[in-house]
Amino acid sequence: MKNKVKWSGVFPAVLIPFKDDYSIDEEGFRSLVRWVAGHEGVNGIVVNGHTGEIMTLLPEERAEAVRIAADELKGRIPVISGVSAEGTIEAIQHAQAVEKAGGSGILLMPPHSWLRFGMQEESPVQFFKDVAEAINISIVVHQYPTWTKTSYTTSQLLEMAAIPNVVSIKVGQRDIAQYEVDIRALKKNAPDVSLLTCHDEYLLPTLVQGIDGALVGFGCFVPDLIAELVKCVKDQDLTAANAVYDRIFELKQAVYKMDEPSSTSHLRMKEAMYQRGLISSSLARRPVLPLKEEEVEEIRQGLLKVGLLKDEVKA
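Reading the values: the criteria
Residues numbered from 1 in each chain as written. Predicted model: local features only at pLDDT ≥ 70, side-chain atom pairs only at ≥ 80, totals over all residues. Heavy atoms only, no water. Buried < 20%, exposed > 50% of the residue type's maximum accessible area, 1.4 Å probe, protein only. Helix = DSSP H or I, 4+ residues; strand = E, 2+ residues; numbered from the N terminus. Pairing = 2+ DSSP bridges. Right-handed = clockwise from strand over helix to strand, strands pointing away. Axes fitted to C-alpha atoms, helices over the stretch in contact; angles between N-to-C directions. Left-handed = near helix turned anticlockwise from the far one by under 90°. Contact = heavy atoms within 4.5 Å. Nonpolar A, V, L, I, M, F, W, Y, C, P; charged D, E, K, R; others polar. UniProt positions renumbered as here; feature names shortened; annotations may be inferred. 1 Å grid on protein atoms, 1.4 Å probe; cavity = no way out; pocket = protein on both sides within 12 Å on 5 of 7 lines; lining within 4 Å. Points joined across faces, edges and corners; volume = space filled by probe spheres on them. Phe/Tyr/Trp six-rings, centres within 6.5 Å; stacked < 30°, edge-to-face > 60°. Salt bridge = Lys/Arg side-chain N within 4 Å of Asp/Glu carboxyl O.

Across the five residues that make up strand S3 (residues 79–83), a large majority, five, are buried. Here three bridges tie strand S2 (residues 45–47) to S3, and the two strands are oriented parallel to one another. When the bridges of S3 are listed, Val 47 appears paired with Ser 81. At this point the chain moves from S2, through helix H2 (residues 59–73), to the parallel S3, and the crossover so formed is right-handed.

See below:
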């Protein structure tokens, strides 16, 4: 790669609609990508994230999701794809498939075996270097919560930021004290790398640290509000930011019930988007199980309360 391009703004992690046979609904996915990307302030989209059910997609389906999104957007904004693999060789193969399919970058997740067994001190940085050397597209570092065994240290993040392909860090410590330490260190020592919060459950408190934007699943649901919030914070208009955030908070309570994002919260958002008519189906692949009838009705009532659904809309 040549010079780093500093990504900023809103990068919604988009979900993926399925047909009744659980295959990818290409037409529905194109429509969703078009709708999300059409909002001012959305400067890229992320496919194959946890919101996009990466863990249940086959390798060729992950590449297909990239191809569809890239073909639909035709370079107007970057298409970034999650990459999740247990080994470096497989991660490289996935990353190269993203590049071949027209993706602008990858969101590189840590091997999930590290969540259980931990990691050698030198492994994370080497993992990123190995993948970076095999591709010619950008990399976003996916920082996991501090309570996991795969949350990178400040020094590891700084080493990753020095890798030429690494253009951004998705900061998700979910520990505000450590978040602030990392943000200050990265802003001081790696100013050419953008910092994107992924804290759906407390966006405003993590944006006011002076970071560059947000990479969040809730951006798929209300991209306009997330973009408006980021702009208000950037303009240092905290009064306006609080007003927008009050609206976002109300919506989060109606849909996410707002804990840390999970398979259940992503499924609730999928159901809410289905009820709004934004996608053709709320199906998720197993092992995620369908919502109970009372949960579906609860979401319907929540959407009615916040004005995103009319009484005549059938759940």
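As a further point, take the packing of helix H6 (residues 154–161) against helix H7 (residues 176–189). The interhelical angle for the contact between H6 and H7, taken along N-to-C directions, is 35 degrees, at an axis separation of 10 Å. As H6 packs across H7, the resulting crossing turns out to be right-handed. Here Thr 154, Leu 157, Leu 158 and Ala 161 of H6 come into contact with H7, specifically with Gln 178, Val 181, Asp 182, Ala 185, Leu 186 and Asn 189. Here the residues of the contact of H6 with H7 are counted per class, giving six nonpolar, three polar and one charged.

A word on the UniProt feature "binding site: pyruvate" (unreviewed entry) in the protein chain. Under the feature "binding site: pyruvate" (unreviewed entry), the UniProt entry names Thr 51. Note on placement: Thr 51 falls in the loop between S2 and H2. Thr 51 sits in the buried class, given a relative accessible area of 6%. Not counting the four nearest positions on each side in its chain, Thr 51 is found in contact with Ala 13, Val 14, Leu 15, Gly 217, His 266 and Met 269.

To continue, consider the layout of surface pockets. Here the second largest pocket defines a volume of roughly 430 Å³. Only strand S1 (9–10) and helix H9 (223–234) provide two or more residues apiece to the lining of the second largest pocket. The biggest single contributor to the lining of the second largest pocket is H9, with six residues. By residue class, the composition of the lining of the second largest pocket is seven nonpolar, seven polar and five charged.

Here we come to helix H5 (residues 123–133). Along H5, the residues that are buried comprise Ser 123, Pro 124, Val 125, Phe 127, Phe 128, Val 131 and Ala 132. Tucked into the core, H5 has its buried residues touching helix H3 (88–100), strand S4 (105–108), helix H4 (113–117), strand S5 (138–142) and H6.

This part takes up the sheet that holds S2. Strands pair in a sheet through their backbones, by hydrogen bonds, and they do so in one of two ways: parallel or antiparallel. The sheet built from eight strands is open, its strands ordered S1-S8-S7-S6-S5-S4-S3-S2 with parallel pairing. Edge positions in the sheet fall to S1 and S2, since each has one partner strand and no second. In this structure, strand S7 (residues 194–197) lies alongside strand S8 (residues 213–214), joined through two bridges in parallel fashion. Residue Leu 196 lies in a different strand from S8, and its bridge partner there is Gly 213. On top of the sheet, H3 reaches S3 and S4; it is set at about 165 degrees to S3, its chief contact. Its contacts with the sheet place H7 against strand S6 (166–171) and S7, and it is angled at close to 160 degrees to S7.

What the rule picks out here adds up to five aromatic pairs. Measuring from ring centre to ring centre gives 6.1 Å for Trp 7 and Phe 11, while their planes differ by 40 degrees; the resulting arrangement is tilted. The exposure classification of Trp 7 matches that of Phe 11, with both residues buried. Geometrically, the ring pair formed by Phe 218 and Phe 221 is tilted, given 5.4 Å between the ring centres and 45 degrees between the ring planes. On the accessibility criterion, Phe 218 (0% relative accessible area) is buried. With a relative accessible area of 0%, Phe 221 lands in the buried category.

Looking at the element boundaries, Leu 196 is found in strand S7. For Leu 196, a relative accessible area of 1% corresponds to the buried category. Considering only alpha carbons, one finds Leu 196 and Lys 170, 26 residues apart in sequence, at a separation of 4.9 Å.

Another point: the pattern of salt bridges. One pass over the structure, following the stated rule, counts 16 salt bridges. The closest approach of N and O atoms between Glu 26 and Arg 67, which form a salt bridge, is 3.6 Å. Here Glu 26 is found in helix H1 (residues 26–37), whereas its partner Arg 67 is found in helix H2, with 41 residues between them in sequence. A relative accessible area of 29% means that Glu 26 is categorised as partly exposed. For Arg 67, a relative accessible area of 31% translates into the label partly exposed. Each of Glu 26, Arg 30, Arg 34, Glu 64, Arg 67, Asp 71, Glu 72 and Lys 74 takes part in one network of salt bridges that share partners.

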